[in-house]
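# Residue-level structure breakdown
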Amino acid sequence: MALSTICLLSISCEELFESTIEIEIPESLDRLVLISDISTLRDTVRFQITHSQNILDENSDIVDLDLDRTEFMIRSADKSYAPPLRHTDLPFFYEMDILEEFFIPGTEVEIMLSNPLYPNLSARAKVAAPPAASNFRYKVDAAKDFDGDDLDELSFDIDDDPGVENFYLVSAELLIVERYDVLLGDLGDTTFFRKFLAEIYLVSDGITIEEGSDGKVLFSDRSFSGQKFNIHIRSYGLPLVDGRKTLFVSVKSISHDRYLYEKSLGALLLNDGNPFVEPANVHSNIEGGFGIFSIDAEVVSEVEIIR
Amino acid sequence: MDCHAHLMMHSMKKTLQITGYLSLLLLLLCTRNLGAQNYTISGYITAGETGENLIAASVYDLKHEKGTVTNNYGFFSLTLPKDSAELQVSYIGYEPVVKEIMVDRDIQLNVALTTSIVLDAVEVTATQVDRIQENVQMSQIGVPVEQIKKVPALLGEVDVLKALQLLPGVQSGGEGQTGLYVRGGSPDQNLVLLDGVPVYSVAHVAGLFSVFNADAIKNVSLIKGGFPARYGGRLSSVLEISMKDGNKQEFHGEGSIGLITSKLTLEGPINKGRTSFLISGRRTYIDMLLRPIAKSNAKEEGVGLKPKLHFYDINVKLNHNISDKHRLYYSLYNGSDVFFSRIKEERSSFAGGLDWGNWISAARWNWQISPRIFSNTTLIFSDYAFDSRIEIEEEVGDITTTFKSKYLSGIQDLGAKWDLDFIPNPSQYIRLGFGATRHVYDPGAISFQVQEQNVDLDTLIGNTKTRSTEFYLYAEDEITMGNFKMNIGLHASAFSAEDVFYSSLQPRLNFRYLMNSRWSLKASFNTMTQYINLLATEALSLPTDLWVPSTRSVRPQRAWQAAVGAAKNYNGYEISVEGYYKKMTDVVSLKAGSSFLFGLDNSWEEKITQGEGKTYGGELFLQKKTGKTTGWIGYTLSWNNRTFEEINSGRTFPFKYDRRHDLSIVAIHDFNERVSLTGSWVYGTGNAISIPYQKFNIYRRYADGGYNTNPVEQIRDKNSFRMSNFHRLDLGIRFSKQKKRHLRTWSFGAYNSYFHKNPYFVYASNAGEFDPVTGQYFEQRTKFKEVSLIPFIIPYFSYGFKF
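These figures come from a predicted structure and were not determined experimentally. (Residues numbered from 1 in each chain as written. Chains lettered and ligands numbered in written order. Predicted model: local features only at pLDDT ≥ 70, side-chain atom pairs only at ≥ 80, totals over all residues. Heavy atoms only, no water.)

## What about the overall build of chain B?
On a plain count of helices and strands, chain B comes out with five helices and 51 strands. Burial analysis of chain B (803 residues in total) assigns 57% to the buried set. Long-range contacts, defined here as pairs at least 24 residues apart, represent 66% of the contacts in chain B between residues at least 6 apart. For chain B, the computed accessible surface area is about 32,800 Å², with 58% contributed by carbon and sulfur atoms. (Helix = DSSP H or I, 4+ residues; strand = E, 2+ residues; numbered from the N terminus. Buried < 20%, exposed > 50% of the residue type's maximum accessible area, 1.4 Å probe, protein only. Contact = heavy atoms within 4.5 Å. Areas by Shrake-Rupley, 256 points an atom, 1.4 Å probe, with all protein chains shown as cover.)

Quick look at the structure:
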């Protein structure tokens, strides 16, 4: 109570409690930031490219890169490739087409990016092998949440190499096809995807071992023992108007770097503004810049939901 | 039998074997004087006025120049040749007693010392064997409780732990906090014992006050290194606090009324000279003052309000001398913080709050088996529990909905230990013992109850309780050979949890060489193992801090420490200089970006990481315990670094409380019996902090095609910047007067006497500033601002009485 009172006082009487101090921040160059979203399943590779600013700089705008002055190169063991980067419809998001069979599991891929305004950026990542996920099942109203509401449960098996630590990222989208009422005129089918996992828990032996956020759950096989383990993911189901829906479940094998990046970013967003949190960087495996470069391997399964 | 059980059996056998050999060796060593015709004088040294056992009182034979000190129960044993002896018994603050005794048989001698009337009349003679240069134990500091009571304190609330923060090698975390950072360790690495029982939560009100009521305490001793073999289970320090036994001669009481708490202690004989009791209570009363105002405000708004806002402590002690050979003690402590309120409206009610606290209990049996052998058997119980509750009831139409949720966490210990002191001759003091503790951890369970028209849910979510057992055996021998004295020992411990078993052999060595009667050189080496960990934020001591066991993936913390030093006694001044180096492995830290605050779940193992800690430095301590002016100067020069593979990209970084310079000056001057002036000044290097140097945005796409922006700041090296240096002056004055029936004391003082804004945390501000010319806000460069918790002077007063 005394502490809360003091905290409240310190907020209300800023001048009394605060003093401005001079801290010398070492000179540092602004750097390129690259965040990749690469999956071996897809033939288009997406990047987010931006740049950082010195913390003391005025809050000037961060602008898109001038692509004419930017060189981009991606290289595997025996192939070098410098495809043109394209702007997408969103600022800071770029994409490129990738050569077929460029990403061979186990091989190392290097990426390089240069722009005269910033130090050169490079990163390496090993192409992940697809996860051995199988036996997808879906159970309606399998459990209850803290408020007593029903939770659906998605479960599947992963055949895992117990000798090394592997990392996985699971997300799911529900394909919804709706036919509008004839009274409004037959507008045909409208198809859209909806994030399935509003709240998500990873459960093993009845114990919640991981809590997901933003429609995905991230975990390490250290949470399980043995070669084959069973994953249970619980989430709120959606009302099934016509009783049948298709759920697209994506299971990705991800690199340790990607795992650390997602974890650190998730923690940072979750604890934003919490003064008791240990200060931390968002994990980066980029040389000369910030961000993440990881080539993940994905399998997507379709699961029929029947209520 | 499974593999785990085999491993456990093998390890236990090995431990028993080694300890057995060591015990045998000690017994062989002590047979060397058996041929001579010797007799033993043994007994208890007590305070004459109260009957309290005096700890570390000196018993010295002036004729043969042999001596000993009393143990934690006031017992001594001194074996001398058949001859006359001139026995001097002394203790600081008491008149020394000299007795001429003919030692022609074993003698039981109980001595009651009387308080010295004039403080500076106490002569510190060359016969005291507990003088700093004589003692083989290094890195140990005892501060008399009467001195602690005089040190000025925040809001006048006398605080044992805050007084200890003024000693060299001991640092405070932040302004007003009770946490002890001893030689670079964290607060969970301190073994805090109240009458031999571990105390798991030592703080009230998020660390602003400690749970120890100074009126109920007899003795405080802190060991920072060179740990004797009888202690184990923590890496950085042992803080042993002994409660008063209760006056065996007369009924007495003392108390005080202060700004935030009132205290009352009553003690006296139940059976004069043999059985006594002590009961002491302390309670805050801010809620009693606020309640009528809050109620009246609530009534005006048509709401019923019942706030509860307080903390309290109760200490109870009973002791009974069955005979000269058998004594029984029972100690009980209960303390709790309660923050709870109930709001009632016409058709709804809300009740919610937090409470947390300790229950601690010890039953002890002292048995003087022979004049040279003393045993103590202790049964211990310690329970720390945190409880958070919410109850909501709402009526809508005919339907009543009830929602109840409860979050519980804590730790419970049940254990037993046996300690044996064997004093075969004045040159040897052997200690043997063993103990076992069963820990039960409640790592946070949430229960929900929902009652509605169609729903009746009663769920318990969270991990079930986990259990572990900790065992230890020890043997130590304190041997004197001329000017050379050593304490060698071995502490063997084992820990068994659900699917893990860990064990550890920890050698303990202390050496002392007496250069002359005034000064000595000392050295020590010890290893320590800690099997339980505290999941806590670094910034505050919170009730949600959680004790958890070592597991398959969380290894026990281990440390070794080496220290060298010199100690000198000069005209009543004790001076010690020590240098130390401590290496800790598998210390626990939160992973970057993680927080336990309001986010506890079963994945705690995922949130922590283990690494190394290295801490080294030098300490200077100058203390004056007697005379009109008493006090001390403590200075520490230290380095304190951590290395974690998963933090700061594996690079070594300074610990948050790495403090290059730490200086404390405490002075107490008694002008006469009625007036005393006290002051303390502290200075410390600013805490290490992390400051970002670059910022960028991460953009996240929405399913509808849009995106959001998440600003991210990057730090270059963890804790590579410093807050401003810390310094503060506290002053106090006491006026005492002996009234007809009681002694009354008025205490006045001021905390932070010269209004210094000591930084508590730093934040980056890039808020725009208002331009009065244009009438607009304009952007500005980021500035860093330090926030102080107590930037002003806090005066205090209290009224105390003693009868």
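## Focus on the nonpolar core
All names here are of chain B. Leu164, Phe212, Val220 and Leu239 are the most contacted members of the largest nonpolar core, which has 38 residues in total. Mapped by element, the contributors of at least two residues to this core are helix H2 (145-150), helix H3 (160-164), strand S11 (180-182), strand S12 (190-194), strand S16 (217-223), strand S17 (237-243) and strand S23 (348-370). Per element, the largest residue contribution to this core is four residues, and it comes from H3. If we skip the residues at most four places from it in the chain, Leu164 touches Val143, Val170, Leu180, Val220 and Leu239. (Core = buried A, V, L, I, M, F, W, Y, C linked by side-chain atoms within 4.5 Å.)

## Details of the confidence of the model for chain B
Residues and elements named next belong to chain B. Taken residue by residue, chain B gives an average pLDDT of 85. The fraction at 70 or more is 87%. Below a pLDDT of 50 lies the segment residues 30-34, which in the model reaches 12 contacts outside its immediate sequence neighbourhood of four places, other chains included. Low pLDDT (under 50) marks residues 118-129, which in the prediction has 26 contacts with non-local residues, meaning those over four places away or in another chain. (pLDDT = per-residue confidence, 0-100.)

## Considering the packing of aromatic side chains
Residue and element names in this part refer to chain B. Counting across every chain of the model gives 37 aromatic pairs over all chains. Between Tyr73 and Tyr329 the ring centres are 6.1 Å apart and the planes differ by 45 degrees, which places this aromatic pair in the tilted class. Residue Tyr73 is found in the loop between strand S3 (66-69) and strand S4 (75-81), and its partner Tyr329 is found in strand S22 (residues 326-344); the two are separated by 256 residues along the sequence. Of the two residues, Tyr73 and Tyr329, both sit in the buried class. A ring pair is formed by Trp560 and Tyr581, whose centres lie 5.5 Å apart and whose planes are at 35 degrees; its orientation type is tilted. Pair noted here: Trp560 is in strand S34 (residues 557-570) and Tyr581 is in strand S35 (residues 573-590), with a separation of 21 residues, a long-range link. Note on Trp560: relative accessible area 32%, which makes it partly exposed. Relative accessible area serves as the criterion here: at 29%, Tyr581 is assigned to the partly exposed category. Through pairs of rings, three or more aromatic residues link up here, namely Tyr44, Tyr73, Phe75, Tyr329 and Phe374. Looking at Arg431, its charged tip hangs above the ring of Tyr429, at a distance of 4.2 Å from the centre. Looking at Arg716, its charged tip hangs above the ring of Tyr693, at a distance of 4.4 Å from the centre. (Phe/Tyr/Trp six-rings, centres within 6.5 Å; stacked < 30°, edge-to-face > 60°. Lys NZ or Arg CZ within 6 Å of the ring centre and 35° of its normal.)

## A closer look at the pairing of strand S9 (residues 108-115) of chain A
Residue and element names in this part refer to chain A. Taken across its eight residues, S9 has six buried, putting it largely inside the fold. Summarising the sheet, strand S5 (residues 71-75) and S9 pair through five bridges and their orientation is antiparallel. For Ile74, the partnering residue across the bridge sits in S9 and is Ile111. Across seven bridges, S9 lies against strand S10 (residues 118-126) in antiparallel orientation. For Met112, the partnering residue across the bridge sits in S10 and is Ser122. Between the antiparallel neighbours S9 and S10 lie two residues. (Pairing = 2+ DSSP bridges.)

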